[in-house]
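Now for the letters of each chain:
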Amino acid sequence: LDLAADLLEVQAQRELRRRDPWQPDQGLVRELIGAFPWTDTEDQARSDGEISADLGAPRPMDRLLCGDVGFGKTELAVRAAFRVVAGGGQVAMLVPTTVLAHQHLATFRERLADFPVVVEGLSRTVTGKAGKELLGRVERGEVDVLVGTHRILSKDVRFKRLGLVVIDEEQRFGVTHKEHFKSLRATVDVLTLSATPIPRTLHMSLAGVRDISALATPPPGRQEIDTRLVDAGDERLVREALLFEQGRGGQVFYLHNRVQSIDAVARRLAELAPQLSFAVGHGQMPARELERIVDSFARGEVDVLVATTIVENGLDIPAAGTIFIDQADQFGLAELHQLRGRVGRGVHKAYCY
């Protein structure tokens, strides 16, 4: 009954809402798309056209972009954001973790570097004077794209002309945040990205209340990840896999979701393969230290990152070819799917244990 009521409410809102269509400079949009270093898959091209049509229509967009990890959802989000910014609006991108916010901020800045678009990040690490200055710039319309965690939903964050909200992995947010999203849909365009959408979101899309675009085609050269269930005590296999990955110039994720014992696990791994370099990352660390560690891993300065599920969403490390998930029975299927998606983004065959 609750879902039926939601369907009717959202459908009624969609029929009533109107706004001026976004009218970006199409030459600039073509230039941005032309700078994408890969060729769009058929699904990407179709979904990009659907999003573009939504933004050019008089009714605000409410679209779910569903696709497997690494299938190009972020690139389409960048293009949608650019269309809105080029049309005079501001964009907020909401992500579930500080680590992911940092990575998306880098991606947006890299893709939009050749255009007069100001991209900033907001999370719990941005505080004090710097935080107040950033909030002032957002309110004055001096920031075009704001990437951040649920901190963006705070009452002190005010936009001059918020046009689009991109929500990455909506299922990772809490009930209070989802209620906020519902109110956002009444006023602005919303693009939701997910590899594993929550049943309610997926049902609303399939029922036609929310539009849906699907990315089902893997990028050219993408190989299926070799997934194996192995004995956690098989240290010989662990050692061989670590050395194999190092031998082909790759990196390893080792997921251990217990902060109390994660350092001991890292020490044991270092004893098994002393020739490799290790780093530990978890959510109870100071945010800046965690960012430094993840950045170091992303730059290839660390062979093995021993971490909790802080790396579950969005981290794009092409050199990472192997992931171990300790005590995999303690995770849900959606989490395992996301975690496995941290590898296999490069040219080599990837392995998940």
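Structure: above.
Residues numbered from 1 in each chain as written. Predicted model: local features only at pLDDT ≥ 70, side-chain atom pairs only at ≥ 80, totals over all residues. Heavy atoms only, no water.

1. Quick word on the overall build of the chain
Then comes step 1: Each helix and strand counted, the chain has 12 helices and 13 strands in total.
Then comes step 2: Looking at the chain residue by residue over its 353 residues, the buried ones come to 51%.
Then comes step 3: Restricting the contact set of the chain to residue pairs at least 6 apart, pairs at least 24 apart contribute 80%.
Then comes step 4: Only carbon and sulfur atoms are counted for the fraction: they give 52% of the accessible area of the chain, which is about 16,300 Å². (Helix = DSSP H or I, 4+ residues; strand = E, 2+ residues; numbered from the N terminus. Buried < 20%, exposed > 50% of the residue type's maximum accessible area, 1.4 Å probe, protein only. Contact = heavy atoms within 4.5 Å. Areas by Shrake-Rupley, 256 points an atom, 1.4 Å probe, with all protein chains shown as cover.)

2. A look at helix α11 (residues 287-298)
Then comes step 1: The first and last C-alpha atoms of α11 sit 16 Å apart over 12 residues, in line with the 16 Å expected at 1.5 Å per residue.
Then comes step 2: Looking at α11, one finds that the buried residues are Ala287, Leu290, Glu291, Ile293, Val294, Ser296 and Phe297.
Then comes step 3: In this fold, the buried residues of α11 make contact with α5 (98-111), β9 (251-255), β10 (278-281) and β11 (304-307). (Expected span 1.5 Å × (residues − 1).)

3. A word on the pattern of salt bridges
When charged atoms on two side chains of opposite charge get close, those side chains can pair.
Then comes step 1: Counted under the stated rule, the structure contains 21 salt bridges.
Then comes step 2: Taking the shortest distance from any N to any O, the salt bridge between Asp48 and Arg79 comes out at 3.4 Å. Remark: Arg79 occurs in helix α4 (residues 73-86) and Asp48 occurs in helix α3 (residues 42-55); sequence separation between them is 31 residues.
Then comes step 3: Residue Arg79 is classed as buried on the basis of its relative accessible area, which comes to 1%.
Then comes step 4: Arg140 serves as the salt-bridge partner of Glu142, at 2.8 Å between the closest nitrogen and oxygen.
Then comes step 5: Exposure remark for Glu142: the relative accessible area of 38% places this residue in the partly exposed category.
Then comes step 6: Put simply, Asp40, Asp48, Glu75, Arg79, Arg83 and Arg111 are held in one network by salt bridges that share partners. (Salt bridge = Lys/Arg side-chain N within 4 Å of Asp/Glu carboxyl O.)

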